[in-house]
Amino acid sequence: MAKNNIQLSDHFHYRRLLRFTMPAILMLIFTSVYSIVDGFFVSNFTGKTPFAAVNFIMPLLMILGCAGFMFGTGGGALIAKTMGVGDRKGANELFSLVVYAAALSGVILAVFGIVFLRPLASLMGADGQLLEDSVVYGRIILLALPFYVLQYEFQCLFAAAEKPKLGLYVTVAAGIINIVLDALFVAILHWGLAGAAAATAVSQFAGGIVPIIYFARRNDSPLRLGKCRFDGFALAKTCTNGSSELMSNISMSVVSMPFNIQLMKYAGENGIAAYGVLMYVSMIFQAVFIGYSVGAAPVISYNYGAQNCEELKSLRQKSMLLIAVFSVAMLAAGQLLAQPLSMLFVGYDEALMELTVHAFTIFSFSFLLSGFSIWGASFFTALNDGLISALISFLRTFLFQCAAVLIFPLFWGLDGIWFAVAAAELLAAAMTALFLLAKKKKYRY
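Definitions and cut-offs
- Residues numbered from 1 in each chain as written.
- Predicted model: local features only at pLDDT ≥ 70, side-chain atom pairs only at ≥ 80, totals over all residues.
- Heavy atoms only, no water.
- Helix = DSSP H or I, 4+ residues; strand = E, 2+ residues; numbered from the N terminus.
- Buried < 20%, exposed > 50% of the residue type's maximum accessible area, 1.4 Å probe, protein only.
- Contact = heavy atoms within 4.5 Å.
- Areas by Shrake-Rupley, 256 points an atom, 1.4 Å probe, with all protein chains shown as cover.
- Lys, Arg positive; Asp, Glu negative; His and termini not counted.
- Charge placed at Lys NZ, Arg CZ, Asp CG, Glu CD.
- Phe/Tyr/Trp six-rings, centres within 6.5 Å; stacked < 30°, edge-to-face > 60°.
- Lys NZ or Arg CZ within 6 Å of the ring centre and 35° of its normal.
- Core = buried A, V, L, I, M, F, W, Y, C linked by side-chain atoms within 4.5 Å.
- Polar contact = N/O pair within 3.5 Å; in protein donor to acceptor, adjacent residues only side chain to side chain.
- Axes fitted to C-alpha atoms, helices over the stretch in contact; angles between N-to-C directions.
- Left-handed = near helix turned anticlockwise from the far one by under 90°.
- Nonpolar A, V, L, I, M, F, W, Y, C, P; charged D, E, K, R; others polar.
- Disulfide = S-S within 2.5 Å.
- Expected span 1.5 Å × (residues − 1).
- Patch = residues over 30% accessible without salt bridge, like charges linked within 9 Å, V, L, I, M, F, W, Y side chains within 5 Å.
- Salt bridge = Lys/Arg side-chain N within 4 Å of Asp/Glu carboxyl O.

Peer 1: Even after reading the chapter, I still don't get the overall build of the protein, so can you show me in this structure?
Peer 2: Helix and strand counts for the protein stand at 17 helices and zero strands. Dimensions of the protein, computed from C-alpha atoms along their principal axes, come out at roughly 60 × 45 × 40 Å. Taken across its 445 residues, the protein has 58% of its residues classed as buried. Contacts in the protein between residues at least 24 apart in sequence constitute 82% of all its contacts with a sequence separation of at least 6. With an accessible surface of roughly 17,900 Å², the protein has 70% of that area assigned to carbon and sulfur atoms. Distance between charge centroids for the protein: 15 Å, based on 28 positive and 22 negative side chains.

Next up, the structure:
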C-alpha cells in the first residue's frame, strides 16, 4: 500500500516524482495566473495608460520580491542537504535563519522601494500620468513586500519540509483572495489602479503570514521555526546558491528595456502592448518548468547530501525526460491558445489583437527549449553549485536575449524581435548541456 506522505529519503520513480512535484507545478501556475489578474482587470476596466503603468512598474516590484526566491531556493538546497546527512537539528536552525533573514530583507527592501520608487520610475522613463499611476500602484504593493518575499520563499521551502500540497493550498487561497478582491475593488467599486494594487497586497499578506503561523506552531513536518544562531557562512551560501533565481528575475526585468526600445522603433505602442501580453502568458507556461524544478530540488539536494549517487543519476535522467515531454506540450498549447489568450487581454483592439496572435505563434517556440535551462540552473542550485547555476541564468535571461534582440531585427525586422527569445533559449540549452557534461564526474550524477 502506497504511503500518503512522500519523504525525501524515498526512491522516486516517475509516478512518485510527479506526485511530489505536481503541487509545486500547480502552485507556480496559480501564482502566475493570479499575478496577471491585475493586468486583466486594469486593462479591461481602467484603460491603456493604467495597464501600461502596471506593466511598466511590475519588473521593479518583481526584482524586489524575488529576493524570496533567492532565500527559498538557496536555503532549501542547504536545508535538504543538511537533512540528507542526518542533521535534523541543524536543518531546523538553518530553516529558521533563512526565514528570519528573508523577512528582515523584505522590510528593508520595502522601505527602500517606497522612498525611491518615484525617482527610479522617472529614471526609467516614466512621466506625466504614467509616472503617477506607476507610483500609486507600486507604493501600495510595496506595503506588503515583506510578506511577498516570504510567500515566494515558502513556495520553495514547503517542498523541503515535505509538505508540497500545503504550499499549493496556501497559494490557491491567496490567489482566490486576489481574484475576488480585484473583481470587488476594480469591477464593482471602481477603485481603479489603487483597488487592483490593494487586492494584490492583501493576497500577498495572506500568502506570507499563513506559512509563518503554520511553521511557528508544532506541526508534522520535519521543520519548525524556532531559535537559531546567526551563521554568516550559511547565509552567504544560501544567497550564493539562490543567486541564479535572483539573477533570472533581475535579468528578465533589465532585458525588457532593449525589447521595449526595439519594439517602439519597429511597431510603436502596439508592439509594447503585445510584448506585455506575451510576458504575462509566458509566466504561466514557464511556471510548469519552474514549478517542477522547485519541487524536485529538495529531493536532489537530500540525495546529494546522503551521497546516494544512483538515486541522483535516476533523478537527473527522469527529470530530463519529463522536461522534454512538458516542452512539447507547452509548444502545442502555445500554438493552439495564441488567439484565445490574446483575445482575453486585447480583444478590444483588432489591430493589436492581430499583432499579438502573430507574435505569440512565433514566441511560443521558446517553450520548446526554455525548460531545459530552467531545470539545469535549478539542478546546480540543488547541488549547492551556485556559480554554475547563476552563470546559466545570466547567459539565458540576459546575455543571449540582449544580443538576439539587438541583432535579429536588423535582418528580419519585427519578426526578429519575436524570434529573439527562442534563439536565446536554444543557446542557453546548449550551454546547459555542456555544463552537465563537464560536471558529471564531480557530482557523480
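Peer 1: When you look at the packing of aromatic side chains in this model, what are you seeing that I'm missing?
Peer 2: For any pair of aromatic rings, the description rests on two quantities: the centre-to-centre distance and the angle between the ring planes. The tally for this structure, following the rule as stated, stands at 28 aromatic pairs. Seen in terms of ring centroids, Tyr 443 and Tyr 445 are 6.5 Å apart; in terms of plane orientation they differ by 15 degrees. Their pairing is stacked. As far as the burial class goes, Tyr 443 and Tyr 445 line up, both buried. A connected cluster of aromatic rings, assembled from ring pairs, spans Tyr 304, Phe 372, Trp 375, Phe 379, Phe 380, Tyr 443 and Tyr 445. Geometry around Tyr 14 places Lys 318 over its ring, the cationic atom sitting 5.3 Å from the centre.

Peer 1: Just to check I follow, could you spell out the nonpolar core for this structure?
Peer 2: Generally speaking, a soluble globular protein has its nonpolar side chains buried in company with each other. Ranked by size, the top nonpolar core spans 133 residues in total, and within it Ile 79, Phe 95, Tyr 137, Tyr 292, Phe 380, Leu 383 and Trp 418 carry the most contacts. Ranked by residue count, the leading element in this core is helix 12 (residues 268-305), at 19 residues. Beyond its immediate chain neighbours, meaning those up to four positions away, Tyr 292 contacts Leu 17, Thr 21, Ile 25, Ser 319, Leu 322, Ile 323, Phe 326 and Trp 375.

Peer 1: Sorry, what's going on with the side chain of Gln 262 here?
Peer 2: Turning to its location among the elements, Gln 262 is positioned in helix 11 (residues 243-266). Residue Gln 262 is classed as buried on the basis of its relative accessible area of 9%. Here Val 405 takes part through its backbone oxygen, which lies 2.9 Å from a polar atom of the side chain of Gln 262.

Peer 1: I keep staring at the packing of helix 4 (residues 67-84) against helix 10 (residues 232-241) and nothing clicks. Help me out?
Peer 2: Between two packed helices, what matters for the description is the angle formed by their axes and the separation of those axes. Relative to each other, helix 4 and helix 10 sit at 115 degrees, their axes nearing to 7 Å. Helix 4 and helix 10 meet at a crossing whose hand is right-handed. Contacts from Met 70, Phe 71, Gly 74, Gly 75, Ala 77 and Leu 78 of helix 4 reach helix 10 at Ala 234, Leu 235, Lys 237, Thr 238, Cys 239 and Asn 241. Considered class by class, the residues forming the contact of helix 4 with helix 10 number seven nonpolar, four polar and one charged.

Peer 1: Just checking my understanding: could you explain the state of the cysteines for this structure?
Peer 2: By definition, a disulfide links the sulfur atoms of two cysteines through a covalent bond. On inspection of all chains with the given rule, the structure shows zero disulfides. Free of any disulfide, Cys 156 has its nearest cysteine sulfur in Cys 66, 9.7 Å distant. Distance from the sulfur of Cys 228, which forms no disulfide, to the nearest cysteine sulfur (Cys 239) is 14 Å.

Peer 1: Even after reading the chapter, I still don't get helix 4, so can you show me in this structure?
Peer 2: Owing to its 3.6 residues per turn, the α-helix brings residues three or four apart onto one side. In this model, helix 4 (18 residues) spans 25 Å end to end at C-alpha, consistent with the 26 Å of a helix rising 1.5 Å per residue. For helix 4, the buried fraction is high: 17 of the 18 residues fall into the buried class.

Peer 1: Help me understand a nonpolar patch on the surface, please; the structure alone is not making it clear to me.
Peer 2: On the surface, a nonpolar cluster with roughly 440 Å² of combined accessible area is contributed by Val 107, Val 111, Phe 112, Val 115 and Phe 116. With respect to the helices and strands, the residue Val 111 is situated in helix 5 (residues 88-123). We classify Val 111 as partly exposed; its relative accessible area is 49%.

Peer 1: In this structure, what is going on with the side chain of Ser 342? I would like to understand it.
Peer 2: For Ser 342, the location among the structural elements is in helix 13 (residues 309-346). Its relative accessible area of 2% is what places Ser 342 among the buried residues. Only 2.7 Å separates the side chain of Ser 342 from the backbone oxygen of Ala 338, close enough to count as a polar contact. When near neighbours in sequence (up to four residues on either side) are disregarded, Ser 342 contacts Gly 347, Met 353, Thr 356 and Val 357.

Peer 1: So what exactly am I meant to see when it comes to unusual backbone geometry here?
Peer 2: Excluding glycine, most residues fall at negative phi; most peptide bonds, likewise, are trans. For Glu 162, which is not glycine, the phi dihedral falls at a positive 60 degrees. Structurally, the position occupied by Glu 162 is in the loop between helix 7 (145-160) and helix 8 (164-188). Judged by relative accessible area, Glu 162 falls into the buried class, the value being 16%. In the Ramachandran plot, His 190 falls in the positive-phi region, its phi being about 60 degrees despite a non-glycine side chain. Checked against the element boundaries, His 190 lands in the loop between helix 8 and helix 9 (192-216).

Peer 1: Teacher, can you tell me more about the environment of Ala 24 here?
Peer 2: Among the secondary structure elements, Ala 24 is positioned in helix 1 (residues 14-35). Exposure remark for Ala 24: the relative accessible area of 3% places this residue in the buried category. Separated by 135 residues in the primary sequence, Ala 24 and Ala 159 have C-alpha atoms spaced 7.6 Å apart. For Ala 24, the contacting residues outside a window of four places in its chain are Gly 291 and Gly 295.

Peer 1: For this particular structure, what's the right way to read the pattern of salt bridges?
Peer 2: Charged atoms that come close allow side chains of opposite charge to pair. Per the counting criterion, the structure on display carries four salt bridges. Residue Glu 132 is joined to Arg 118 by a salt bridge in which the shortest nitrogen-to-oxygen separation is 2.9 Å. Of this pair, Glu 132 sits in helix 6 (residues 128-142) while Arg 118 sits in helix 5, and the two are 14 residues apart along the sequence. Between Asp 220 and Lys 163 there is a salt bridge, and its shortest N-O distance comes to 2.9 Å. In this pair, Asp 220 sits in the loop between helix 9 and helix 10 while Lys 163 sits in the loop between helix 7 and helix 8, placing the two residues 57 residues apart along the sequence.

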